[in-house]
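Residue-level structure breakdown
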Amino acid sequence: MTRSFYWPDYTIGPDAYKKVAELCGKFGKKVVFIGGKTALSKAAHLVREAIAGSGLTVVDEVWYGGEAAYENVDKLEQVKSIREADMVFAFGGGKALDTSKLLTHRLKKPLFTFPTIASTCACVTTVCVMYELNHEFKELCWRDAPADHVFINTQVIAEAPDKYLWAGIGDTLAKGYEPEFSARGKDLDHYDQFGITLSVLCQEPLVKYGARALAECREKKAGNALDEAVQAIIVNTGLVSNSVINDYNTSIAHAITYGFSLIPAVEENHLHGEMVAYGVLVLLMIDGKTAEIDKLLKFYKEIDLPDSCYRCFHVTADEVEQKILQKASEVNDIVVSAFPINKDILRKGLADLEAYVASKN
């Protein structure tokens, strides 16, 4: 079997955009910007300033459509300016970037990503998380390679609402536990072993730097703690995602999250990483790792992530049973695990977690 491993090429820092012309000029001249409306308003003008006089020309700015859905990719694929561009610059968070990744995969165009929030590793990974237009999770698909280069402007990220960094911390913590849980007991090849070994760097730096990084973000300061946290969220997680097979990339924490995605009020009022952070605790409870739960509970309290109660998402017991647990027990995320996972085990994990945390208070 032939496999390719992609190390993310990236530039990080408050002056990251100064490298755009140098690194992108060899790919052509005509550039299309694609992204979220807010992301484009915050970063597009900075990139325009950085490439002024370089020979790169921005021929269009296009909204990605509001959801990482196949229907939006189909529409963008027919836009004349996009089809005629030499390359795409994608701005935003995970959904805008995943839309652009699949689009440029289809069109065989170079892609450069400009994350404006640190909430996911989407800017460096090949995987695209696709949703229905109603925001319900649909499936995963893959670009043949990650973006050609990633420009991580930490000042832009520092000026974004800190809730996105907060959610990014929650989402990234899962990469510190899910790969090992999924791969445990398996005969791992070089790539998978590399990714599993590296996955610890998806949670340790966040526990160390996360609170300070959030403080810097609130102060609109691109400091060292923010830099460390952003690299854990974007780069470390992306490396793990790109190296391990998909069976080891996710597990219970994300399965629970996809269950939550069925409830519109949760999707509208809570961020993906917030739900994943709760799912991490469920995973650890099912796995009997109470010492890790204790460590994370202290950290969660420090940065106000949800701890033990599904009710903090304002869902009913019936919604948990009929939607969240049902969906979580059906997704592929739990098929490959340290031991068999089913709806009964998930249900017990939620209940045991609540009882355990209550006993600590």
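Residues numbered from 1 in each chain as written. Predicted model: local features only at pLDDT ≥ 70, side-chain atom pairs only at ≥ 80, totals over all residues. Heavy atoms only, no water.

**Section: the overall build of the protein**
Looking only at helices and strands, the protein has 17 helices and eight strands in total. A compact globule built from 361 residues would reach a C-alpha radius of gyration of about 21 Å, and the protein, at 20 Å, matches this within 12%. Projected onto its principal axes, the C-alpha coordinates of the protein cover approximately 65 × 40 × 40 Å. Across the 361 residues in the protein, those meeting the buried criterion constitute 57%. (Helix = DSSP H or I, 4+ residues; strand = E, 2+ residues; numbered from the N terminus. Rg over C-alpha atoms; globule rule 2.2 N^0.38 Å. Buried < 20%, exposed > 50% of the residue type's maximum accessible area, 1.4 Å probe, protein only.)

**Digging into the sheet that holds strand E3 (residues 57-63)**
Spatially, the six strands line up as an open sheet ordered E1-E8-E5-E4-E2-E3, and their pairing is parallel. The open sheet terminates on both sides in strands that have one partner only, identified here as strand E1 (10-13) and E3. Here the strands of the sheet are splayed against their neighbours by 15° on average, with no regard to which way each runs. Where strand E2 (residues 30-35) and E3 come together, six bridges link them in parallel fashion. Paired with Val 31 across the bridge in E3 is Val 58. On top of the sheet, helix H5 (residues 94-107) reaches E2, strand E4 (87-92) and strand E5 (111-115); it is set at about 165° to E4, its chief contact. (Pairing = 2+ DSSP bridges. Axes fitted to C-alpha atoms, helices over the stretch in contact; angles between N-to-C directions. Contact = heavy atoms within 4.5 Å.)

**A look at helix H15 (residues 290-303)**
Helix length check: H15, at 14 residues, gives a terminal C-alpha distance of 20 Å against a target of 20 Å (1.5 Å per residue), a fit within 8%. Listed as buried for H15 are Ile 293, Leu 296, Leu 297, Phe 299, Tyr 300 and Ile 303. Each element contacted by the buried residues of H15 is listed here: helix H7 (162-175), helix H10 (204-218), helix H14 (272-286) and helix H17 (343-360). (Expected span 1.5 Å × (residues − 1).)

**Notes on the side chain of Gln 231**
Within the secondary structure, Gln 231 sits in helix H11 (residues 224-243). At 2.7 Å, the side chain of Gln 231 and the side chain of Tyr 10 are in polar contact. Dropping the residues within four chain positions of it, Gln 231 is found in contact with Tyr 10, Ile 12 and Asn 236. (Polar contact = N/O pair within 3.5 Å; in protein donor to acceptor, adjacent residues only side chain to side chain.)

**Looking at the layout of surface pockets**
A probe as big as a water molecule, rolled over the atoms, marks out the empty space that is left. Taken as a whole, the second largest pocket encloses approximately 300 Å³ of empty space. Around the second largest pocket sit 15 residues that line it, and Ser 4, Thr 126, Trp 142, Asn 242 and Val 244 are the ones nearest its centre. Here the lining of the second largest pocket is built from residues that sort into five nonpolar, seven polar and three charged. (1 Å grid on protein atoms, 1.4 Å probe; cavity = no way out; pocket = protein on both sides within 12 Å on 5 of 7 lines; lining within 4 Å. Points joined across faces, edges and corners; volume = space filled by probe spheres on them. Nonpolar A, V, L, I, M, F, W, Y, C, P; charged D, E, K, R; others polar.)

**What to know about the packing of aromatic side chains**
For the structure shown, the criterion picks out 16 aromatic pairs. A ring pair is formed by Phe 112 and Phe 151, whose centres lie 6.5 Å apart and whose planes are at 40°; its orientation type is tilted. Of the two residues, Phe 112 sits in strand E5 while Phe 151 sits in strand E8 (residues 149-153), which places them 39 residues apart along the sequence. According to the relative accessible area criterion, Phe 112 is buried, its value standing at 0%. Aromatic ring contacts, followed pair by pair, group Tyr 17, Phe 27, Phe 33, Phe 89, Phe 91, Phe 112, Phe 114 and Phe 151 into a single cluster. The ring of Trp 63 is capped by Lys 37, whose NZ or CZ atom sits 4.3 Å from the centre of that ring. Over the ring of Tyr 131 we find Lys 95; its NZ or CZ atom is 4.3 Å from the centre of that ring. (Phe/Tyr/Trp six-rings, centres within 6.5 Å; stacked < 30°, edge-to-face > 60°. Lys NZ or Arg CZ within 6 Å of the ring centre and 35° of its normal.)

**Some words on the side chain of Thr 126**
Examined against the element boundaries, Thr 126 turns out to sit in the loop between E5 and strand E6 (127-131). Other than its neighbours up to four places away in sequence, Thr 126 contacts Lys 101, Cys 141, Trp 142, Arg 143, Ala 145, Pro 146 and Asn 242.

**Focus: unusual backbone geometry**
Its identity is not glycine, yet His 135 carries a phi of approximately 80°, on the positive side. With respect to the secondary-structure elements, His 135 resides in the loop between E6 and strand E7 (137-142). Assessed through its relative accessible area of 35%, His 135 is described here as partly exposed. Non-glycine residue His 314 carries a positive phi angle of around 60°. Summarising the element assignment, His 314 is placed in the loop between H15 and helix H16 (317-328).

**As for the pattern of salt bridges**
For the structure on display, the rule yields 18 salt bridges. Across the pair Glu 61 and Arg 48 runs a salt bridge whose closest N-O atoms are separated by 3.1 Å. Here the residue Glu 61 occupies a position in strand E3, and Arg 48 occupies one in helix H2 (residues 37-51), the gap between them amounting to 13 residues. Of the residues examined, Arg 48 reaches a relative accessible area of 36% and is grouped as partly exposed. (Salt bridge = Lys/Arg side-chain N within 4 Å of Asp/Glu carboxyl O.)

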